[in-house]
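# Close look at the chain arrangement
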Amino acid sequence: MAAAESKESSINAFEAKTKFSSLLRGVQAGETYLITLRGEPVARLLPVLKHTSYMEFLETLSRAKDLRNKIKGPVPILEYKEEGREV
């Protein structure tokens, strides 16, 4: 397992409530927790992304998906290539 990866621990909601401060310290250290209610996963407690490059990537991906949804029909990539346009 790489150093940047962390194992997700599962914890029930009652225990998460009673140990919240301790869980926050774990999150600061890079841990993630799956919180369950009656055995069913309901939430995930994880560190805030600090790398704006990743956030920028998600934003760019979202814009690309929006643009693709606006395009009707197939994209004529070969025609663009023959015209010398960059795709």
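Nothing here was measured: the structure is a model prediction, and the numbers come from that model.

Conventions adopted
- Each chain carries its own residue numbering, running from 1 in the direction its sequence is written.
- Local features in a predicted model are, by the rule used here, given only for residues with pLDDT of at least 70; side-chain atom pairs are given and counted only at 80 or more, and totals for whole chains, interfaces and linings are based on all residues.
- The basis for every side-chain value is the complete set of heavy atoms in the structure, and neither hydrogens nor water enter the calculation.
- A run of H or I in DSSP becomes a helix once it reaches four residues, and a run of E becomes a strand once it reaches two; helices and strands are each numbered from the N terminus.
- Here a residue-residue contact requires only that any non-hydrogen atoms of the pair lie within 4.5 Å.
- Salt-bridge detection follows one rule: a side-chain nitrogen of Lys or Arg within 4 Å of a carboxyl oxygen of Asp or Glu.
- Accessible area is worked out with a 1.4 Å probe on protein chains only. A residue is then buried under 20% of its type maximum, exposed over 50%, and partly exposed in between.
- Like charges within 9 Å and nonpolar side chains (Val, Leu, Ile, Met, Phe, Trp, Tyr) within 5 Å are joined into patches, using only residues over 30% in relative accessible area that form no salt bridge.
- Surface accessibility follows the Shrake-Rupley procedure with a 1.4 Å probe radius. Residue values consider only the protein chains on display as shielding.

Glancing now at the environment of isoleucine 11. As for its placement among the helices and strands, isoleucine 11 is situated in strand 1 (residues 8–12). Linking isoleucine 11 and isoleucine 35, residues 24 residues apart in sequence, is a C-alpha distance of 5.1 Å. If sequence neighbours within four positions are ignored, isoleucine 11 has contacts with Ala16, Leu23, Tyr33, Leu34, Ile35 and Thr36.

Bringing the side chain of threonine 36 into the picture now. Relative to the helices and strands, threonine 36 is located in strand 2 (residues 32–37). Here threonine 36 is in contact with Ser10, Ile11, Asn12, Ala13, Pro41 and Val42, once residues within four sequence places are set aside.

Below, the discussion takes up the pattern of salt bridges. Applying the stated criterion to the full structure yields 3 salt bridges. A salt bridge links glutamate 15 to lysine 19, with the nearest nitrogen and oxygen atoms 2.9 Å apart. With a relative accessible area of 41%, lysine 19 lands in the partly exposed category. As a salt-bridge pair, arginine 63 and glutamate 59 come within 3.0 Å of each other at their nearest N and O atoms. Of this pair, arginine 63 and glutamate 59 both sit in helix 3 (residues 52–70), 4 residues apart, which is roughly one turn of that helix. By relative accessible area, arginine 63 is classed as partly exposed at 48%.

Bringing a nonpolar patch on the surface into the picture now. A cluster of nonpolar residues, Leu49, Tyr54, Met55, Phe57, Leu58 and Leu61, forms a patch on the protein surface that exposes about 550 Å² of accessible area. When you line up the elements, tyrosine 54 lands in helix 3.

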